[in-house]
Structure formats: C-alpha cells, structure tokens
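What the coordinates show
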Amino acid sequence: MDLDVVNMFVIAGGTLAIPILAFVASFLLWPSALIRIYYWYWRRTLGMQVRYVHHEDYQFCYSFRGRPGHKPSILMLHGFSAHKDMWLSVVKFLPKNLHLICVDMPGHEGTTRSSLDDLSIDGQVKRIHQFVECLKLNKKPFHLIGTSMGGHVAGVYAKVDVLSNHLGLNLTGLQYSTDNQFIQRLKELQDSAAVEKIPLIPSTPEEMSEMLQLCSYVRFKVPQQILQGLVDVRIPHNNFYRKLFLEIVSEKSRYSLHQNMDKIKVPTQIIWGKQDQVLDVSGADMLAKSIANCQVELLENCGHSVVMERPRKTAKLIVDFLASVHNTDNNKKLD
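Cut-offs applied
Residue positions are given per chain, counted from 1 along the sequence in the order it is written. Only residues with pLDDT of at least 70 get local features here, since the model is predicted, and only at 80 or more are side-chain atom pairs given and counted; chain-wide, interface and lining totals rely on the full set of residues. Where side-chain values are given, they derive from all heavy atoms of the structure, hydrogens and water being excluded. UniProt positions are given in the numbering used here, feature names are shortened, and annotations may be inferred rather than shown by experiment. Elements are defined by DSSP. Helices are runs of H or I of four residues or more, strands are runs of E of two residues or more, and each kind is numbered from the N terminus. pLDDT is a residue-level measure of predictor confidence that goes from 0 to 100. Contacts are assigned to residue pairs with any non-hydrogen atoms lying within 4.5 Å of each other. Think of a nonpolar core as a cluster: buried Ala, Val, Leu, Ile, Met, Phe, Trp, Tyr and Cys residues, connected wherever their side-chain atoms sit within 4.5 Å. Accessible area is worked out with a 1.4 Å probe on protein chains only. A residue is then buried under 20% of its type maximum, exposed over 50%, and partly exposed in between. Note on pairing: DSSP must find at least two bridges between two strands before they are called paired. A fitted line through C-alpha atoms represents every axis, and for helices the fit uses only the stretch in contact; the resulting angles, taken between N-to-C directions, go from 0 to 180 degrees. Buriedness of a pocket was judged along seven lines, with at least five required to meet protein on both sides within 12 Å; pockets are open sets of points on a 1 Å grid over the protein atoms alone, cavities are sets where a 1.4 Å probe fits but cannot get out, and lining residues have an atom within 4 Å of a point. Grid points are joined across faces, edges and corners, and a volume is the space filled by probe spheres set on the points. Just so you know the grouping, Ala, Val, Leu, Ile, Met, Phe, Trp, Tyr, Cys and Pro go in nonpolar, Asp, Glu, Lys and Arg go in charged, and all remaining residues, Gly too, go in polar. In protein, a polar contact means a hydrogen-donor-capable atom and an acceptor-capable atom, both N or O and within 3.5 Å, with residues adjacent in sequence counting only if both atoms are side-chain atoms; elsewhere, any N or O pair within 3.5 Å suffices.

As annotated in an unreviewed UniProt entry, the protein carries the name Monoacylglycerol lipase ABHD6 and comes from Aotus nancymaae. Of the comments in the UniProt record for the protein, the one headed Sequence similarities (unreviewed entry) reads "Belongs to the AB hydrolase superfamily."

Here it is, written out as structure tokens:
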C-alpha cells in the first residue's frame, strides 16, 4: 500500500479517535452529563422548545411544540420525581399539528422549588392552575393528561377549571379495599420512620435498577454507567423527593382523587398497565364506575411506566380518543 494512503488512514483514524475517545471518557466519567445532552438532543429532534413563565416570583419551566389553533391544546403532567422530558417518547408518535405543552411539576427540574411551597395534591393543583392562567390556556377548553402523581393532580384539577378532556395513566390517589405488596411495604417504612429506604427514591445504581424493575414489566438491560448517571442526576434532589413523597401519601393528599373523581364531568380516558406493581390495575375499574363518560384501556405486558414501556400504543390511544370526542362534539352541533 502506498505510504501516502497509509498516512491518510492514520490521520483519518486519529481524527475520528478524538471524538470517540471523548464520548467514551464522558460515558465512563460523566454519565449524568450525557443523559442531559441526550434529552437536549431528543427535544431538538422532536421540535420541542423550552420556555419559562412567571406567576409573581414563581417560575414554571415547560417545553412546547406547535401553537394554539382550532384544536384544543394538550397539557401533560409528569409523575413523581420525573420531569417534562419523560413525555418525549410519547411526543415522538403524536401528530405535529397538535399544540403540546409539557411542564415541570412544582419543585421539579426548572420549576421553582421553595421550602414554603404547598406540595400536597391540592397545592400542586393550585400551582398548575397558575401555570394555565399564565399561558392563557383556559381561555377555551383544553386537554389535560397526567401520569401517576401527575394523573392524580390532573384528576383533582377537574374541579377548578373547564377541561375539554381528561386523560390519566396509572393514577395515584385511589383508596383500595386491600393493599398490594408495594403499598404494604410503604406502610411498613412509614411505621418504622425509615424514609431513607423509599423504593422510588434510589441513591445507588443497585437501588435504581430495583426501582426500574418495580416500575416496568419490561426488563430493560441498562448498563451500569447509565444507572450511575441516573442516580447522579437524582441524588441532589432526593431530600426534596422524600419531602414530596411524604406529603402526597399523607392523610391530606393520599385519597384526593378518590374524593373528587365523581366531580369529573368531561370525557375521560384511563390507560393502565395490567402488570402495574406500584398501583393495582383495579383502580381503572374504580374510576370507570365513578366517572360518567370514562373509557378504560388496559395494556398487556405493561407495568407502571406506561409512557416509557408503550409510548407508540399510548400515543395512538390518546389520538384515537381525542378524535372520537371531537366527532361526538361535531355530531352534537349538527343535532
């Protein structure tokens, strides 16, 4: 082989080696930074833009795609200890002509965290209402979607504002006749005051792996470095998560949705994973019996993390439900 050609490959190989080595070093040394870059890249790819809005001295952080139009806007509320970017896997499969808004819940990610804030479900409902008013979303009916704690907030929100539709995924806030294994474990931890051992607040890669197994029916094979990165991102916030968790399982908040579900008068869709180990799937039937216009979708081979495990199916169910409600409204106008 000609020496010039050899030199060319050596130079090319060296040029490529620099970014590759930088990536490997980042993966090994700063996995949390790569996770942030990953979300930034995914938001950019999907056309989601990050913005901030203020209610007095309180800051809300949110991402959005599209603009308000003749179709109702869609506001999406994430679950406990998550953030707005958890919806990206579903956003990927939603039509681009929809106006989507994903907000960081109170105290999470870019939204203000204050020691004076009311973190109860009612307190979070008030904050989300302030956010809605800041964006003037409630100038006309809009769709509200929530998962887990976000679904709890979305359900209770129905009593303070006019919604077009309410959609919930694996909701907290219901009162069951018997406790599942996870709830029994939580009660034991509460009785022993062992708040450091809450399964949903991991502080080691091993605990993170256990949490993922608890929340997912699908057994994801997550590399150790990614687990470490996920933990590194969460650890600075764990004291807040413990405070929030104890607030939402307190007597004031624990059954807020149960106490308000008969006040939901708008068409409602419930999507629930059949293999949910965190919240028993019987909650879906409970809601269906209490909400007049309620459609239930149970997903096979799916756990608590519906958004992560079945994003394509979840997006399709949401779109189909919104279309059916839109057609019903049009038929009523013709009558």
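Text resumes after the structure shown.
A few points about the environment of I226
Residue placement: I226 occurs in helix α8 (residues 224–234). Considering only alpha carbons, one finds I226 and S32, 194 residues apart in sequence, at a separation of 7.8 Å.

Things to note about the confidence of the model for the protein
Residues of the protein with pLDDT of at least 70 account for 87%, and the chain-wide mean is 86. Across residues 1–29, where pLDDT falls below 50, the model places 10 contacts with residues more than four positions away in sequence or in other chains.

Regarding the nonpolar core
Of all hydrophobic cores here, the largest spans 60 residues; its most connected members are L75, L77, F80, I128, L200 and L287. Among residues more than four places away in sequence, those in contact with I128 are L75, L77, V103, M105, P106, V153 and Y157. Core analysis: the next-biggest nonpolar cluster, separate from the first, contains 31 residues, L88, V306, V307 and F321 among them.

Some remarks on the sheet that holds strand β7 (residues 268–273)
Within the open sheet, the eight strands sit side by side as β1-β2-β4-β3-β5-β6-β7-β8. Their pairing is mixed. The sheet is open, and its two borders are formed by β1 (49–55) and β8 (294–299), each paired with just one other strand. Ignoring which end each strand starts from, the neighbouring axes of this sheet average 20° apart. In this sheet, strand β2 (residues 58–65) lies alongside β1 in antiparallel orientation, the contact comprising seven bridges. Paired with V53 across the two strands is F60, which belongs to β2.

Here we look at empty space enclosed by the protein
A complete count under the given rule lists one cavity of 30 Å³ or more for this structure. Surrounding the largest cavity, Y176, T178, D179, N180, I183, V278, L279 and D280 form its lining. When grouped by side-chain class, the residues that make up the lining of the largest cavity number four nonpolar, two polar and two charged.

Here's the deal with the environment of T111
Residue position: T111 is located in the loop between β4 (100–103) and α4 (121–135). Residue classification places T111 among the buried positions, given a relative accessible area of 3%. Taking the C-alpha atoms as reference, T111 lies 8.2 Å from Y62; in sequence the two are 49 residues apart. Apart from residues no more than four positions distant in its own chain, T111 is found in contact with Y58, Q59, F60, C61, D104, M105 and P106. Engagement of the side chain of T111 in a polar contact is seen with the backbone nitrogen of C61, the distance being 3.1 Å.

Concerning the side chain of S216
Note that S216 resides in the loop between α7 (205–215) and α8. Not counting residues within four places of it along the chain, the set of residues in contact with S216 comprises Q277, S305 and E309.

Re unusual backbone geometry
Excluding glycine, most residues fall at negative phi; most peptide bonds, likewise, are trans. You will see that S81, though not glycine, has its phi angle at about 65°, which is positive. Judged by relative accessible area, S81 falls into the buried class, the value being 10%. The backbone of S148 sits at a positive phi, close to 55°, despite the residue not being glycine. On the secondary structure map, S148 appears in the loop between β5 (142–147) and α5 (149–157).

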